[in-house]
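So the chains spell out like this:
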Amino acid sequence: MLSLKVHIENKTIHTYGALLLLSVAYAFLIAGNGLMWALGGIILPFLLLFLTRTFQNPEIGLWTAFIFNYFVLGLTRYIPAPFGLSIDLLLILSILAVFFKHFKQKSIWRKAKTDLTLLAAIWFMYGLFQLINPETVSRVAWFYAMRGISLYMLLSVVLGQILFDEKRHLSAFLWLWFFFALLGVAKGLQQKFLFLDPFEQRWLNAGAAVTHVLFGKLRVFSFFSDAGQYGAAMGLAGVVFGIIALHTTSLKYRIIYTTGAALFLYALMISGTRGAIAVPFGGAILYVILGKNIKLIATGFLLGVAVFVFFKYTTIGQNNYEIRRLRTAFDPEDASLQVRLANQRILKSYLASRPFGGGIGSAGNWGKRFTPHTFLANVATDSWYVMIWAEQGIVGLLLHLSILFYVLIKASYIIMYKLKNKWLKIRMQALASGMFGILLASYGNGVLGQMPTGLIMYLSMAFLFMAPKLDRKLSSTTENKIMIPD
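Residues numbered from 1 in each chain as written. Predicted model: local features only at pLDDT ≥ 70, side-chain atom pairs only at ≥ 80, totals over all residues. Heavy atoms only, no water.

J.: Whenever I open this one, the pattern of salt bridges confuses me. Can you help?
T.: Side-chain pairs of opposite charge can arise where the charged atoms are in close proximity. Considering all chains together, one arrives at 10 salt bridges under this definition. In this structure, the salt-bridge partner of Lys187 is Glu200, at a minimum N-O distance of 2.9 Å. Here Lys187, found in helix H8 (residues 167–194), pairs with Glu200, found in helix H9 (residues 198–212); they are 13 residues apart in sequence, far enough to count as distant. The burial state of Lys187 is the same as that of Glu200; both residues are buried. (Salt bridge = Lys/Arg side-chain N within 4 Å of Asp/Glu carboxyl O. Helix = DSSP H or I, 4+ residues; strand = E, 2+ residues; numbered from the N terminus. Buried < 20%, exposed > 50% of the residue type's maximum accessible area, 1.4 Å probe, protein only.)

Rendered as structure tokens:
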């Protein structure tokens, strides 16, 4: 007993001695290298814990990517760092975690053996092909731009189909989305009615005011990259949760969803993003079609005509800036539209002899950053599809559109003819309708591949293609007993 006690005491002394030496060494590092070492020392244990937990449960990595996806671009106003790369790291980490956790369970990958994965892989391979496009000027620009265009799609749909294949995942996805969209509204209302923080004001003063302060009115951008992305993301949330609200039987949750949808659509208006109005229009169109209800289709058609007439042929509400701004989206003579059409005519001439485009990353912000002297860097693309056309040519544009519309058409077929469970069917209708709205809005703005809309769309695609399997699970008595409030 005495020797055991001495051994324990010696071990304790050694432990405290090691901790003391580490503390002294760490203090010297801080003194010599500054605060960053201190912050690194605080963060490192949490980072190691996160890595450990992610390799134990790969879902954690994908959920973290989904959450970070909302904030990484807005954070650059406060801390000048490439936070966007964190999404790449999280997605790749999640893939590695799945690989090592299920190293001997090869069947796990069969969950992602679908036509959706094949299409995402084809689109990614076409992006890789752009590396040898003779028109490509900067490989660095290709790397940065390719991620949002095709890499995130491939990784997200694969991980989504493997890790998010239960009802609880769909419910959690929607609730998290709802919560962060509400945060986006709250931040937007602060900017409109209270104040801009110093970092936001500095961002506007550095040049963003040219597009975000029009006629003395702020185009609200919240914690998103810009007002265009904010408006589209809010319109998408408004469509999805508005449709869910229409079919929610619980009065409490109907009030929650309806209030949220109304706030999201109001946020769309204060963003001043005219192209984003296509999201609720497109979403409503597909929703009434998917419902296969003649009365609903007729009602939706009449409502759509009424809204169109309101904006196009009346001056009602003209004193309101948000309504006045959105009304210009229905004016074919609008100066901004004419500039866009003129730029497209310039691009048409340039791309006539370039069927594979000018190379990924050659246009838009990446072009201005890496190759500012080139032709494409100095012609505004504005639209997601025009950007794809400019960088990847008519071949890339046709391939991209074919993939997107295949996904949408197959998802619509699944919803209309394959799904039996009402809870699931309504949510799939909402996701598909929101997707169609984003596809329409992407003609006016480059929203599809940007954060957070891009990752939301890709995970929505995964849920839509998994819907038949989810439907079969929900038909079982055991699964129906697992009720998640929604």
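J.: Hey, could you run me through unusual backbone geometry in this one?
T.: Negative phi characterises most residues that are not glycine, and trans characterises most peptide bonds. Each neighbour pair has its own omega, and for Met451 with Pro452 the value is 5°, a cis peptide bond. In this structure, Ser222 takes a positive phi of about 55° despite not being glycine. Under the relative-accessibility criterion, Ser222 is labelled buried at 0%. With a phi close to 65°, Asp382 is a non-glycine residue in the positive phi region.

J.: What is the right way to read the nonpolar core from this model?
T.: Soluble globular proteins tend to pack their nonpolar side chains together in the buried interior. Phe173, Trp177, Phe241, Met428 and Leu431 are the most contacted members of the largest nonpolar core, which totals 119 residues. Here Leu431 is in contact with Leu170, Phe173, Leu174, Trp177, Val240, Ser460, Phe463 and Leu464, once residues within four sequence places are set aside. (Core = buried A, V, L, I, M, F, W, Y, C linked by side-chain atoms within 4.5 Å. Contact = heavy atoms within 4.5 Å.)

J.: How should I be thinking about the packing of H8 against helix H10 (residues 227–246) in this particular structure?
T.: The description of two packed helices rests on the angle between their axes and on the distance between the axes. Viewed as axis vectors pointing N to C, H8 and H10 meet at an angle of 130°, and their least axial separation amounts to 10 Å. The orientation of H8 relative to H10 falls into the category oblique. Of the two elements, H8 crosses H10, and the hand of that crossing is left-handed. Taking contact as the criterion, the partners of Leu174, Trp177, Phe178, Ala181, Gly184, Val185 and Gly188 in H8 are, on H10, Tyr230, Met234, Leu236, Ala237, Val240, Phe241 and Ile244. Here the residues of the contact of H8 with H10 sort into 12 nonpolar, 2 polar and no charged. (Axes fitted to C-alpha atoms, helices over the stretch in contact; angles between N-to-C directions. Parallel < 35°, antiparallel > 145°, perpendicular 65-115°, else oblique. Left-handed = near helix turned anticlockwise from the far one by under 90°. Nonpolar A, V, L, I, M, F, W, Y, C, P; charged D, E, K, R; others polar.)

J.: Would you take a moment to explain the packing of aromatic side chains for this structure?
T.: The description of an aromatic ring pair uses the distance of the two centres, along with the angle that the planes make with each other. On inspection of all chains with the given rule, the structure shows 37 aromatic pairs. Stacked on the ring of Trp423, the Lys or Arg Lys167 has its end atom at 4.6 Å from the ring centre. (Phe/Tyr/Trp six-rings, centres within 6.5 Å; stacked < 30°, edge-to-face > 60°. Lys NZ or Arg CZ within 6 Å of the ring centre and 35° of its normal.)

J.: Could you clarify how one ought to interpret a nonpolar patch on the surface in this entry?
T.: On the surface, Phe55, Ile92, Leu96, Phe99, Phe100 and Phe103 cluster together into a nonpolar patch covering about 530 Å² of accessible area. Of the residues forming the nonpolar patch, the biggest block, 4 residues, is contributed by helix H5 (residues 85–101). Along the chain, Phe103 turns up in the loop between H5 and helix H6 (115–129). For Phe103, a relative accessible area of 43% translates into the label partly exposed. (Patch = residues over 30% accessible without salt bridge, like charges linked within 9 Å, V, L, I, M, F, W, Y side chains within 5 Å. Areas by Shrake-Rupley, 256 points an atom, 1.4 Å probe, with all protein chains shown as cover.)

J.: Any chance you could explain the side chain of Gln392 here in plain terms?
T.: With respect to the helices, strands and loops of the structure, Gln392 is situated in helix H17 (residues 384–417). When sequence neighbours within four positions are dropped, the list of residues in contact with Gln392 reads Trp123, Tyr126, Gln130, Ile149, Pro355, Phe356, Gly357 and Ile360.

J.: Explanation requested: the packing of helix H7 (residues 139–163) against helix H19 (residues 453–474) in the structure shown.
T.: Two numbers describe how H7 lies on H19: the axes approach to 8 Å, and their chain directions differ by 35°. The element H7 and its partner H19 pack so that their crossing is right-handed. Taken together, the residues of H19 that come into contact with H7 (itself represented by Gly148, Ile149, Tyr152, Met153, Ser156, Val157, Gly160 and Gln161) are Leu455, Tyr458, Leu459, Met461, Ala462, Met466 and Lys469. For the contact of H7 with H19, a count of residues per class yields 10 nonpolar, 4 polar and 1 charged.

J.: Explain H5 here, please?
T.: One turn of the α-helix equals 3.6 residues, which is why residues spaced by three or four share an orientation. If you check H5, its first and last C-alpha atoms are 24 Å apart, about what 17 residues at 1.5 Å a residue would give, namely 24 Å. For H5, the complete set of buried residues consists of Ser86, Ile87, Asp88, Leu90, Leu91, Leu93, Ser94, Ile95, Ala97 and Val98. (Expected span 1.5 Å × (residues − 1).)

J.: Would you explain the environment of Asn421 in this entry?
T.: The residue Asn421 is located in the loop between H17 and helix H18 (422–441) in this model. Look at Asn421 and you get buried, because its relative accessible area is 17%. Taking the C-alpha atoms as reference points, Asn421 and Arg472, 51 residues apart in sequence, are found 8.6 Å from one another. A distance of 2.9 Å separates a polar atom in the side chain of Asn421 from the backbone nitrogen of Leu424. (Polar contact = N/O pair within 3.5 Å; in protein donor to acceptor, adjacent residues only side chain to side chain.)

J.: Can you help me understand the side chain of Ser460 in this one?
T.: Mapping Ser460 onto the fold places it in helix H19. By relative accessible area, Ser460 is classed as buried at 0%. Look past the residues within four positions of Ser460 in its chain and what remains in contact with it is Phe173 and Leu431.

J.: Explain the environment of Tyr287 to me, please; I cannot follow it from the model alone.
T.: Its location among the elements puts Tyr287 in helix H12 (residues 278–290). For Tyr287, a relative accessible area of 9% translates into the label buried.

J.: Would you explain the confidence of the model for the chain in this entry?
T.: One rule of thumb: low pLDDT means the predicted coordinates there are not for detailed reading. Per-residue confidence for the chain gives a mean pLDDT of 84, with 82% of residues at or over 70. When pLDDT is averaged over each helix and strand of the chain, the minimum, 48, is found for helix H1 (residues 2–33) and the maximum, 96, for H6. Counted against residues more than four places away or in other chains, residues 13–19, with its pLDDT under 50, gives 0 contacts. (pLDDT = per-residue confidence, 0-100.)

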